[in-house]
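Next come the chains, spelled out residue by residue.
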Amino acid sequence: MLDVALKVLEKIEEHGFKAYIVGGFVRDYLLGNVTNDVDICTDATPKDIKMIFDNITLPRMDYGAVRVDIKKHRFDIMTFRKEISYYNNRKPMEVEYIKDLKEDLMRRDFLMNTLCMDKNGNVIDLLDGKDDINKRVINTVGEAISRFMEDPLRILRAIRFYTTLNFDLSEETRLAIIQTKSELSRLSYQRKKDELDKIFCHTNVKRGIDIIVELGLDKELELDFRHCVYSTDLIGIWSSIEVNGNYPFSKNEKDLIEKIREVRKLDNLDNKVLFKYGLYVNIIAGSLKGIDRKLIANKYDSIPIKTKDEVNITSNQIMGLLNMEPSKKIKEIYEDLINNILCGKVLNNYEDIVDYLVSTYK
């Protein structure tokens, strides 16, 4: 990935412009973390970039940004700029293209994200971001309250980095978050959920949730963690907390959350429960109750059938065998048969199934 990114810088510079890898990729490179998310800053304008590269997708040229796909890698390329003003404390209303790298870096969120890398792989540190990385501390670029007022999403980004990088918040950053946390209400629920997802799916999730509660962000985010059970699964976390209904969960997420909440009240080692809700839901619900995942998985592997399709007789065959027309009764018979197979009272082979149905219903 780095080799390809450096080639992109070379190509831009071959056309007479300056270009640098900037932000999280350089930070993670110094930390020894692998990432495929590469941002590039340059004094070339979006129109210039379009002249250099053919495969541009999803342009955001109004904000000085374009996206380029090269060798199955994606690069976000942004022109050096100043953001003149913000709309609804989130998106810049106006941007001004500039030629100075340092001035461009001054608009960024945290010092640790201001590091750059040139085409030769040299790390450029104009704002002492390395010092914060070495100290493992999160400081904003410039005055913290102003940074968070400009864009309150930075509050959640700070919490994410606190969680995923295991960095600490500087005292100024911590106090500024407390003073500006009410600004979180200005963010869309989608933007909030996107950041929370990144926190909740991390192995260090407890650290993240603890700081959210400690700083009082839970109330601003309209989340109740009082009954939260820490899980290594994103949906497991969401299912164990109370959430404002405006958070935009997909249909699949909603279904899983509902099922996990249901099955937490049941026996996750019961054959019928395993059959009805499936392995994933039972493992997540069971893990929230402290049941070993392997125990649930092994029990699931042992159940005689895992789907209705595995039953060795069809509804049509049952109707023919019992000389019955389609009705709710057939469905009841089929469900009774499944329950008896799951309980081990009927073996899942055609002969035993026929014997059971004839002796019970004919």
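Conventions adopted
- Residues numbered from 1 in each chain as written.
- Predicted model: local features only at pLDDT ≥ 70, side-chain atom pairs only at ≥ 80, totals over all residues.
- Heavy atoms only, no water.
- Helix = DSSP H or I, 4+ residues; strand = E, 2+ residues; numbered from the N terminus.
- Rg over C-alpha atoms; globule rule 2.2 N^0.38 Å.
- Buried < 20%, exposed > 50% of the residue type's maximum accessible area, 1.4 Å probe, protein only.
- Contact = heavy atoms within 4.5 Å.
- Areas by Shrake-Rupley, 256 points an atom, 1.4 Å probe, with all protein chains shown as cover.
- Lys, Arg positive; Asp, Glu negative; His and termini not counted.
- Charge placed at Lys NZ, Arg CZ, Asp CG, Glu CD.
- Phe/Tyr/Trp six-rings, centres within 6.5 Å; stacked < 30°, edge-to-face > 60°.
- Lys NZ or Arg CZ within 6 Å of the ring centre and 35° of its normal.
- Expected span 1.5 Å × (residues − 1).
- Bend = angle between axes of the 7 residues up to and from the residue.
- Polar contact = N/O pair within 3.5 Å; in protein donor to acceptor, adjacent residues only side chain to side chain.
- Axes fitted to C-alpha atoms, helices over the stretch in contact; angles between N-to-C directions.
- Parallel < 35°, antiparallel > 145°, perpendicular 65-115°, else oblique.
- Pairing = 2+ DSSP bridges.
- Nonpolar A, V, L, I, M, F, W, Y, C, P; charged D, E, K, R; others polar.
- Salt bridge = Lys/Arg side-chain N within 4 Å of Asp/Glu carboxyl O.
- Core = buried A, V, L, I, M, F, W, Y, C linked by side-chain atoms within 4.5 Å.

On to the overall build of the protein chain, then. Counting secondary structure elements, the protein chain contains 18 helices and 13 strands. Rg of the C-alpha trace for the protein chain: 28 Å, well past the compact-globule value of 21 Å for 362 residues, more than 25% over. Principal axes of the C-alpha set define a box for the protein chain whose edges measure 90 × 45 × 35 Å. Within the protein chain, the proportion of its 362 residues that are buried is 47%. Across the protein chain, every contact between residues at least 6 apart in sequence was considered, and the portion connecting residues at least 24 apart equals 59%. Entry remark: accessible area of the protein chain is about 18,400 Å², with carbon and sulfur atoms responsible for 48%. Each charge sign in the protein chain was given a centre, from 57 positive and 60 negative side chains, and these centres are 2 Å apart.

With the rule as written, the count across this model stands at six aromatic pairs. Ring geometry for phenylalanine 200 and phenylalanine 225: centres 6.1 Å apart, planes at 85°, overall edge-to-face. Placement of the pair is phenylalanine 200 in helix H9 (residues 189-200) and phenylalanine 225 in the loop between strand E12 (223-224) and helix H12 (234-239), with a sequence separation of 25 residues. For the ring pair phenylalanine 200 and tryptophan 238, a centre distance of 4.9 Å and an interplane angle of 70° mean the geometry is edge-to-face. Taken together, the residues phenylalanine 200 in helix H9 and tryptophan 238 in helix H12 connect sequence positions 38 residues apart. Taken together, Tyr189, Phe200, Phe225, Trp238, Tyr247 and Phe249 form an aromatic cluster joined through their ring pairs. Positioned above the aromatic ring of phenylalanine 161, the side-chain terminus of arginine 160 is 5.0 Å from the ring centre. Of note, arginine 207 hangs over the ring of tyrosine 162, and the distance from its end group to the ring centre comes to 3.7 Å.

Turning to helix H14 (residues 271-288), a few remarks are in order. Relative to the 26 Å expected for 18 residues at 1.5 Å per residue, H14 spans just 19 Å between its end C-alpha atoms, considerably shorter than the ideal helical length. Roughly 110° is the biggest bend found in H14, and it falls at glycine 278. Along H14, 13 of the 18 residues are buried, which leaves the element largely enclosed by surrounding structure. The N-terminus of H14 is capped by aspartate 270, whose side-chain oxygen sits 2.9 Å from the backbone nitrogen of lysine 272. Downstream of H14 by a residue or two, glycine 290 has a phi angle that is positive, lying close to 90°.

A separate point is the packing of helix H16 (residues 315-322) against helix H17 (residues 328-343). Two numbers describe how H16 lies on H17: the axes approach to 10 Å, and their chain directions differ by 110°. The angle between H16 and H17 places the two elements in the roughly perpendicular class. On H17, the residues that touch Ser315, Ile318, Met319 and Leu322 of H16 are Ile330, Ile333, Tyr334 and Leu337.

Across five bridges, the pairing between strand E2 (residues 38-42) and strand E5 (residues 73-79) is parallel. Bridge pairing links valine 38 to phenylalanine 75 in E5. The hairpin turn running from strand E4 (residues 65-70) into E5, its antiparallel successor, is two residues long, and lysine 71 in that turn takes a positive phi close to 50°.

Here the focus is the packing of helix H13 (residues 251-263) against H14. The geometry of H13 relative to H14 is characterised by a closest axis approach of 9 Å and an angle of 80° between their N-to-C directions. Classified by the interaxial angle, the pair formed by H13 and H14 is roughly perpendicular. Facing H13, whose interface residues are Leu256, Lys259, Ile260, Glu262 and Val263, H14 presents Val273, Tyr277, Tyr280, Val281, Asn282, Ile284, Ala285 and Leu288. Classifying every residue of the contact of H13 with H14 by side-chain character gives 10 nonpolar, one polar and two charged.

Our next topic: the pattern of salt bridges. Scanning all chains against the criterion turns up 20 salt bridges. Residue lysine 119 is joined to glutamate 13 by a salt bridge in which the shortest nitrogen-to-oxygen separation is 3.5 Å. Taken together, the residues lysine 119 in the loop between strand E8 (116-117) and strand E9 (123-124) and glutamate 13 in helix H1 (residues 2-14) connect sequence positions 106 residues apart. Judged by relative accessible area, which is 32%, lysine 119 ranks as partly exposed. Look at glutamate 13 and you get partly exposed, because its relative accessible area is 24%. Across the pair glutamate 253 and lysine 193 runs a salt bridge, and its minimum N-O distance is 3.3 Å. With glutamate 253 in helix H13 and lysine 193 in helix H9, this pair connects stretches of sequence that are 60 residues apart. Accessibility assignment for this pair places glutamate 253 and lysine 193 in one class, buried. One salt-bridge network, held together by shared partners, links Asp104, Arg107 and Arg108.

Moving on to the nonpolar core. In terms of nonpolar packing, the biggest core is built from 79 residues, with Ile77 and Phe200 touching the most fellow members. The element contributing the most residues to this core is H14, with eight residues. In terms of nonpolar packing, the next biggest core, distinct from the first, is built from 20 residues, Phe275, Ile333, Ile338 and Ile353 among them.

Tracing the backbone through its elements, the reader meets lysine 50 in helix H3 (residues 46-52). A C-alpha to C-alpha distance of 9.9 Å links lysine 50 and arginine 67, two positions 17 residues apart in sequence.

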